[in-house]
Amino acid sequence: MNKVIRIGTRDSELALWQANTVKRQLESLGYKTELLPVKSTGDLVLDKPLYEMGITGIFTKTLDVAMLNGTVDIAVHSMKDVPTALPKGIIQTAVLERAMTEDVLVTTSEIDYTKPCTIATGSLRRKAQWLNRYPHHTVVDLRGNVQTRLQKLKDNPWDGAIFAKAGLDRLEYLNNTEITSPDFSGTFENLSWMLPAPAQGAMVIVTLQNDDFTTKAVSKLNNTAADICTQIERDFLRKLEGGCTAPIGALAQVVEENIQFTGCLFSLDGKTKIEVEKTIDKNNNNGGVDAAIELLENDGAALMKEIKLEIGK
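Just so we're clear, the structure is a prediction, and the values are computed from it rather than from any experiment. (Residues numbered from 1 in each chain as written. Predicted model: local features only at pLDDT ≥ 70, side-chain atom pairs only at ≥ 80, totals over all residues. Heavy atoms only, no water.)

Bringing the nonpolar core into the picture now. One recurring pattern in soluble globular proteins: nonpolar side chains tend to sit buried together. Residues Phe 236, Ile 248 and Phe 261 are the most contacted members of the largest nonpolar core, which totals 24 residues. Broken down by element, this core gets its largest block of residues, 7 residues, from helix α9 (residues 287–311). Non-local contacts of Phe 261, meaning those with residues more than four positions away in its chain, are made with Ile 232, Glu 233, Phe 236, Ala 250, Leu 251, Ala 252, Val 276, Glu 277, Lys 278, Ile 280 and Ala 291. In terms of nonpolar packing, the next biggest core, distinct from the first, is built from 17 residues, Val 106, Leu 150, Phe 184 and Phe 188 among them. (Core = buried A, V, L, I, M, F, W, Y, C linked by side-chain atoms within 4.5 Å. Buried < 20%, exposed > 50% of the residue type's maximum accessible area, 1.4 Å probe, protein only. Helix = DSSP H or I, 4+ residues; strand = E, 2+ residues; numbered from the N terminus. Contact = heavy atoms within 4.5 Å.)

As structure tokens, this is what we get:
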């Protein structure tokens, strides 16, 4: 075990938390590691909605290049940010035990949902689901790392902003129903009705296909249940051809011997919702694809075409 495994990661506080988690786990198995943070385009450009930037892989491309040119050996990602098709030569090697999948609404004061409100999020999925439930509200774009978004919520006259609960929890900002960030004071509530992004709450590690030593080491960290469930969700996403540019939600959960799956597709304005629910056998490798086909045949294909036309304008 003389080789030092060089770990590539984005340099946000949350990304570094994730990378350090992998670092500790590998070192507990006896491997030597080194952390190499880099900035991605998605972290540098904060004044455009993600879908306007050619979103697929916007947070991962810099690390892909670093791996392929030999600068780092592995990359640690929030799995929901990773394109469903990896670059040639890079393989998915481990999905860590999954954290909470929910979204939460963070606020600085109490909200009256019956009145017009302004909610901030940079996610088309969250925007569409919010407008589906609250069509009289306004949704504005919000970009940046967790700390930046909390600061923007503090500085703007918005009623609330939507965050992934797992990220806030990993940064230790959650305290009962309060947010206890060093520079932000507010509360949060779980959005149990909002379907998460495919693979939300999961961390994935990718390695180089021709690096047997590193791939073998990293594979020891794989969590089977998280691997199976996120694969179903990402297969669903890939079949719908959504990438990160369509309002698509998906959640697969192990229930006894099967997988309970729910997937949804929304129009950009949230007015149209198409949902599919299925019980999938753990051994069915096509469960996510089957669910996507069912949704596409239930008016989903026409809606996806409409979404792509609108985004392309």
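Glancing now at the pairing of strand β3 (residues 74–78). Judged by how many residues are buried, β3 sits mostly within the fold: 5 of 5 residues are covered. Going residue by residue along β3, you find Ile 74, Val 76 and Ser 78 tucked away on one face and Ala 75 and His 77 tucked away on the opposite face as well. The pairing of strand β1 (residues 4–10) with β3 spans 2 bridges and is classified as parallel. The residue of β3 that forms the bridge with Ile 7 is Ile 74. Pairing between β3 and strand β12 (residues 203–208): 5 bridges, direction antiparallel. In the strand pairing of β12, Ile 74 is matched with Thr 207. (Pairing = 2+ DSSP bridges.)

Across the sheet, which stays open at both edges, the 7 strands sit in the order β7-β6-β8-β5-β11-β10-β9 with mixed pairing between neighbours. Only two strands of the sheet have a single partner each, and these edge strands are β7 (138–140) and β9 (174–175). Of the strand pairs in this sheet, strand β6 (residues 118–120) and β7 are connected by 3 bridges, and their pairing is parallel. In the strand pairing of β7, Ala 120 is matched with Val 140. Those strands touched by helix α4 (residues 124–133) are β5 (103–107), β6, β7 and β8 (160–164), and its axis lies near 130° from that of β8. (Axes fitted to C-alpha atoms, helices over the stretch in contact; angles between N-to-C directions.)

Let us look at the pattern of salt bridges. Per the stated rule, a full pass over the model turns up 13 salt bridges. The residue Asp 73 makes a salt bridge to Arg 6 at a minimum N-O spacing of 3.0 Å. Taken together, the residues span a long stretch of sequence, with Asp 73 in the loop between α3 (61–68) and β3 and Arg 6 in strand β1 at a distance of 67 residues. According to the relative accessible area criterion, Asp 73 is buried, its value standing at 5%. The closest approach of N and O atoms between Lys 80 and Asp 81, which form a salt bridge, is 3.6 Å. One salt-bridge network, in which partners are shared between bridges, spans Lys 3, Arg 6, Asp 73 and Asp 211. (Salt bridge = Lys/Arg side-chain N within 4 Å of Asp/Glu carboxyl O.)

Strand order across the open sheet formed by 5 strands is β2-β1-β3-β12-β4, with mixed pairing between neighbours. Each edge of the open sheet is held by one strand with a lone partner, namely β2 (32–38) and β4 (90–95). Direction aside, the axes of adjacent strands within the sheet are offset by 30° on average.

On to unusual backbone geometry. Non-glycine residue Asn 176 carries a positive phi angle of around 60°. Following the sequence through the fold, Asn 176 ends up in the loop between β9 and β10 (178–181). A positive phi angle, near 75°, is found at Asp 299, a position not held by glycine. Among the structural elements, Asp 299 can be located in helix α9.

So, on to the pairing of β12. With respect to burial, β12 is a largely interior element, 6 of its 6 residues being buried. Residues Met 203, Ile 205 and Thr 207 of β12 are buried on one face, and the alternating residues Val 204, Val 206 and Leu 208, pointing to the opposite face, are buried as well. Judged from the 5 bridges that link them, β4 and β12 form a sheet pairing that is antiparallel. Of the residues in β12, the one forming a bridge with Ile 91 is Thr 207.

That's the geometry; what it means functionally is another story.
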